[in-house]
Amino acid sequence: MGLFTILISNIFVNNYVLARFLGICPFLGVSNKTETATGMGIAVTFVVTLSSIITYAIHKYILLPRELVYLQTIVFILVIAALVQFVEMVMKKTSPGLYSALGVYLPLITTNCVVLGVALLNVQEGNNLIETIFTAVGASLGFMLSLILISAIREQLVIKDVPEALEGFPIALITAGLMSIAFLGFNGLV
Amino acid sequence: MGIFEPVTVLGGLGLLFGAGLSIASKAFEVEVNPKVEEVRQVLPGANCGACGFPGCDGLANAIAGGKAPVNACSVGGQAVADQVADIMGVNPAESVRKVAVVLCQGDCHKAKDKYIYNGIADCRAQNILAGGSKSCSYGCLGCGTCKDVCEFDAIQIIDGIAVIDKEKCTSCEKCIGVCPKGIIELVPYEQEVIVKCKSNDKGKNVRENCSIGCIGCQICVKNCPEDAFVFEKFLAKIDYEKCTNCGICADKCPTKAIWSSLEGVQAKAE
């Protein structure tokens, strides 16, 4: 698979939120404003890319030779949790501006299953390092794209005449469903 | 043997990451203002967000950084404000309780409409349609968007304009942020006399649109014994620090755009 194909496949066809249904929590939780959605997207991109590189190395050099592949889930969680903490510390020290802009979303990424999903799928599909990086970047760009799309829609929904019973979350869920169906249209592209 | 290797690998990795993090936390240590922690201790810790900051930690940061007043926590009230002021070394007497006030009195009977609005009951939506249905482009639209966001039930829509109960208001500023007209402002709780009009139109236009707007006659400015009025863009504004609540301006105001809760003045106004 060409690298460009990997990118397109992860952003649109196999969008982690709208086609694979991972990371639904932040997708609905922080999609009230486009601004915060963008912040979350950037933070996720950062963490996903870094964590997939590290998990790739751990899988290849520690787990595989010792036949401990069954430990991958728990080890990857460990890596992600530690990494997020580390990134938070570094960011707090080196760029307080970005740190305060991302705010609470940074620690929240620990529990974002897109991060774990990307790491696990990379290993399962036997990607090499370059493919891993492209998958990670594509996956997080896809995540950011869907987050920004739904937040823009939800910003509009706030002032629209929504039936009372559907106000707030119900209409957001319906919107998410419709978006997912729309993304089915990319099927067959890759 | 079977169990030994996975345990070592997992334990080893855990230990490695733990050690790495503890080293990193020393290496990347950021000095935190000790006052942040102290202020955080005396705040209620309910993380309600009424102050407008993300939780009590956020407010503690802002207070210690001088970005928020010591009495910013409306839930804790005076007791907490005093303690915080103590930590910050500020005189608590300086803190004045403020409440939000809607600066418009042009209700259904006093202000004229330019069209009949039948759309979504939301001021922001109405404001998009030629600035709302009121012929005065500064007035309260009365759809109650501020009422909807008020978490303390302090806002009521009376005769088509929003009225805030100052006893219930906690000055969380949610309504101020949501009002498309920007006519809600914080005013000291003790303030008895307020210019309840935001119109920058000329007197003639104000008269055409509303019977209780500020027409810019400057009678209040001339009669104020404390010289507490600021007059610009055809609108009188009271400097709340100079105002002594004597009520003379409200008494003299020909349109009663200056609202007063002083008893004598109110009787005359009616």
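Below you will find a few notes about this structure. Predicted model, so just to flag it, every value in this text is computed and none were measured.

1. What about the packing of helix α2 (residues 34-42) of chain B against helix α4 (residues 77-88) of chain B?
Residues and elements named next belong to chain B. At a closest axis distance of 9 Å, the pairing of α2 and α4 adopts a crossing angle of 165°. Between α2 and α4, the interaxial angle falls into the category roughly antiparallel. Considering how the two elements wind past one another, α2 and α4 form a crossing that is right-handed. Residues Lys35, Glu38, Val39 and Val42 of α2 form the contact with α4, whose own contacting residues are Val80, Gln83, Val84, Ile87 and Met88. Grouping the amino acids of the contact of α2 with α4 by side-chain chemistry returns six nonpolar, one polar and two charged.

2. Remarks on the pairing of strand β2 (residues 155-158) of chain B
All names here are of chain B. Bridge analysis of β2 against strand β3 (residues 161-164) gives four bridges, and the strand direction is antiparallel. Residue Ile155 lies in a different strand from β3, and its bridge partner there is Ile164. Hairpin connection between β2 and β3: a loop of two residues separates the two successive antiparallel strands, and Asp159 in this loop has a positive phi of roughly 55°.

3. Observations regarding the packing of helix α3 (residues 34-63) of chain A against helix α8 (residues 129-157) of chain A
All names here are of chain A. Between α3 and α8, the least distance of the axes is 9 Å, while the angle of their chain directions is 165°. On the basis of the axis angle, α3 is roughly antiparallel to α8. α8 is crossed by α3, and the crossing has right-handed handedness.

4. Section: the environment of Glu232 of chain B
Structurally, Glu232 of chain B is set in strand β6 (residues 229-232). For Glu232 of chain B and Gly216 of chain B, which are 16 residues apart along the polypeptide, the C-alpha to C-alpha distance reads 8.8 Å.

5. A short note on the pattern of salt bridges
For side chains bearing opposite charge, pairing can occur when the charged atoms are close. Residue and element names in this part refer to chain B. Counted under the stated rule, the structure contains eight salt bridges over all chains. As a salt-bridge pair, Glu185 and Lys198 come within 2.7 Å of each other at their nearest N and O atoms. Of this pair, Glu185 sits in strand β4 (residues 184-188) while Lys198 is found in the loop between β5 (193-195) and α8 (203-209), placing the two residues 13 residues apart along the sequence. By relative accessible area, which is 24% here, Lys198 ends up partly exposed.

6. Structural notes on a nonpolar patch on the surface
Residues Leu166, Ile174, Leu178, Ile181 and Leu184 of chain A make up a contiguous nonpolar surface patch of about 460 Å² in total accessible area. Among the structural elements, Ile181 of chain A can be located in helix α9 (residues 169-184).

7. Comments concerning the pairing of β6 of chain B
All names here are of chain B. When β6 meets strand β7 (residues 235-238), the two strands line up antiparallel, connected through four bridges. Looking at the pairing, Phe231 lines up with Ala236 of β7. The hairpin formed by β6 and β7 contains two residues between the paired strands, and Lys233 there has a positive phi angle of roughly 50°.

8. Thoughts on the interface of chain A and chain B
Of the residues lining the interface, 22 residues belong to chain A; the matching set on chain B comes to 18 residues. In total, chain A and chain B occlude about 1700 Å² of area from one another, counting both sides; carbon and sulfur atoms represent 84% of this. Applying the counting criterion to the chain A and chain B interface returns one salt bridge. One salt bridge in this structure joins Glu5 of chain B and Arg66 of chain A, with 3.5 Å as the shortest N-O distance. When residues of the side of chain A that touches chain B are traced back to their parent elements, those giving at least two are α3 and α4 (72-94) of chain A. For the side of chain A that touches chain B, the element with the most residues is α4 of chain A, which contributes eleven residues. For the side of chain A that touches chain B, a count of residues per class yields 16 nonpolar, one polar and five charged.

9. Some details on the packing of aromatic side chains
All names here are of chain A. Per the stated rule, a full pass over the model turns up three aromatic pairs over all chains. Centre to centre, the rings of Phe12 and Phe186 are 4.9 Å apart; their planes meet at 40°, and the pair counts as tilted. In this pair, Phe12 is assigned in helix α1 (residues 3-13) and Phe186 in the segment after α9, connecting sequence segments 174 residues apart. For Phe12, a relative accessible area of 25% translates into the label partly exposed. The exposure class assigned to Phe186 is partly exposed, which follows from its relative accessible area of 27%. Ring centres of Phe183 and Phe186 lie 5.3 Å apart, and the angle between their planes is 70°; this geometry places the pair in the edge-to-face category. Taken together, the aromatic side chains of Phe12, Phe183 and Phe186 make up a single cluster linked through ring pairs.

10. Quick look at the nonpolar core
The biggest cluster of nonpolar side chains holds 50 residues, and the ones touching the most others in it are Phe27, Met40, Val75, Phe76 and Ile109 of chain A. Mapped by element, the contributors of at least two residues to this core are α2 (24-29), α3, α4, α6 (105-108), α7 (113-124), α8 and α9 of chain A together with α1 (4-27) of chain B. Broken down by element, this core gets its largest block of residues, ten residues, from α4 of chain A. Leave out the neighbours within four places in its chain, and Phe27 of chain A touches Val17, Leu18, Ser146, Leu147, Ile150 and Ala176 of chain A.

The rules behind these values
Residues numbered from 1 in each chain as written. Chains lettered and ligands numbered in written order. Predicted model: local features only at pLDDT ≥ 70, side-chain atom pairs only at ≥ 80, totals over all residues. Heavy atoms only, no water. Axes fitted to C-alpha atoms, helices over the stretch in contact; angles between N-to-C directions. Helix = DSSP H or I, 4+ residues; strand = E, 2+ residues; numbered from the N terminus. Parallel < 35°, antiparallel > 145°, perpendicular 65-115°, else oblique. Left-handed = near helix turned anticlockwise from the far one by under 90°. Contact = heavy atoms within 4.5 Å. Nonpolar A, V, L, I, M, F, W, Y, C, P; charged D, E, K, R; others polar. Pairing = 2+ DSSP bridges. Salt bridge = Lys/Arg side-chain N within 4 Å of Asp/Glu carboxyl O. Buried < 20%, exposed > 50% of the residue type's maximum accessible area, 1.4 Å probe, protein only. Patch = residues over 30% accessible without salt bridge, like charges linked within 9 Å, V, L, I, M, F, W, Y side chains within 5 Å. Areas by Shrake-Rupley, 256 points an atom, 1.4 Å probe, with all protein chains shown as cover. Buried area = accessible area lost by both parts, 1.4 Å probe. Phe/Tyr/Trp six-rings, centres within 6.5 Å; stacked < 30°, edge-to-face > 60°. Core = buried A, V, L, I, M, F, W, Y, C linked by side-chain atoms within 4.5 Å.

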